[in-house]
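A look at the structure
Now for the letters of each chain:
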Amino acid sequence: MAPDIESQRSERQHDLTRVIALTDAVFAIIMTLLVLEVHVPNLGQGQTLGAALRDIRPTLVAFVIGFVGAAMLWIGHRDLFALIRRTNRGLVWLNILYMLPLCLLPFGAALLGRYNHDPAALHLFGMVVIGPPSRRR
């Protein structure tokens, strides 16, 4: 290959923008999926809206915790990648592995919202939230 073509190929392979774009997309999808478990309640005979909203409170709380947790992890990722100038295959795979437990966040939040009194739901949700390494100061 010509040196110019090889140089362009190498530059594309080490470009951060695709890694960041993929990660941003995954975070956006995760944060959107979290809200899908929050349903507008159907009022039963004689039930008030306030009572129905209290019934879905665990789902709302799980959504808020999951959303804030995802936001914190996204901010940490953004801050970390602000320090990185080029990527390689190893960094790309580490980034993909970082996102693996994040993709379970909507499932963990849904489980916690539905089975909020079951310790197993809380344990699983906690493992999903603390699974990805976060930047600690």
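Structure: see above.
The structure reproduced in this document is the subject of the present report. (Residues numbered from 1 in each chain as written. Predicted model: local features only at pLDDT ≥ 70, side-chain atom pairs only at ≥ 80, totals over all residues. Heavy atoms only, no water.)

Description of the packing of helix 2 (residues 16-35) against helix 4 (residues 57-81)
When two helices pack together, their arrangement is given by the angle between the helix axes and the distance between those axes. In contact at an axis separation of 9 Å, helix 2 and helix 4 are set at 170° when each is read in the N-to-C sense. Taken as axis vectors, helix 2 and helix 4 run roughly antiparallel relative to one another. For the pair formed by helix 2 and helix 4, the contact residues are Leu16, Val19, Ile20, Thr23, Asp24, Phe27, Met31, Leu34 and Val35 on the first element and Phe63, Gly66, Phe67, Ala70, Ala71, Leu73, Trp74, His77 and Phe81 on the second. A per-class count over the contact of helix 2 with helix 4 returns 14 nonpolar, three polar and one charged. (Axes fitted to C-alpha atoms, helices over the stretch in contact; angles between N-to-C directions. Helix = DSSP H or I, 4+ residues; strand = E, 2+ residues; numbered from the N terminus. Parallel < 35°, antiparallel > 145°, perpendicular 65-115°, else oblique. Contact = heavy atoms within 4.5 Å. Nonpolar A, V, L, I, M, F, W, Y, C, P; charged D, E, K, R; others polar.)

Comments concerning the packing of aromatic side chains
Here the structure, examined in full by the defined rule, presents one aromatic pair. Consider the rings of Phe63 and Phe67, whose centres lie 5.7 Å apart with planes at 45°: the pair is tilted. Pair noted here: Phe63 and Phe67 are both in helix 4, with a separation of four residues, about one helical turn. (Phe/Tyr/Trp six-rings, centres within 6.5 Å; stacked < 30°, edge-to-face > 60°.)

Structural notes on the environment of Pro58
Relative to the elements of secondary structure, Pro58 occurs in helix 4. Owing to a relative accessible area of 22%, Pro58 belongs among the partly exposed residues under this scheme. Through-space distance from the C-alpha of Pro58 to that of Ala110 is 9.5 Å; in sequence the pair is 52 residues apart. Residues within four places of Pro58 in sequence aside, it is in contact with Gly113 and Asn116. (Buried < 20%, exposed > 50% of the residue type's maximum accessible area, 1.4 Å probe, protein only.)

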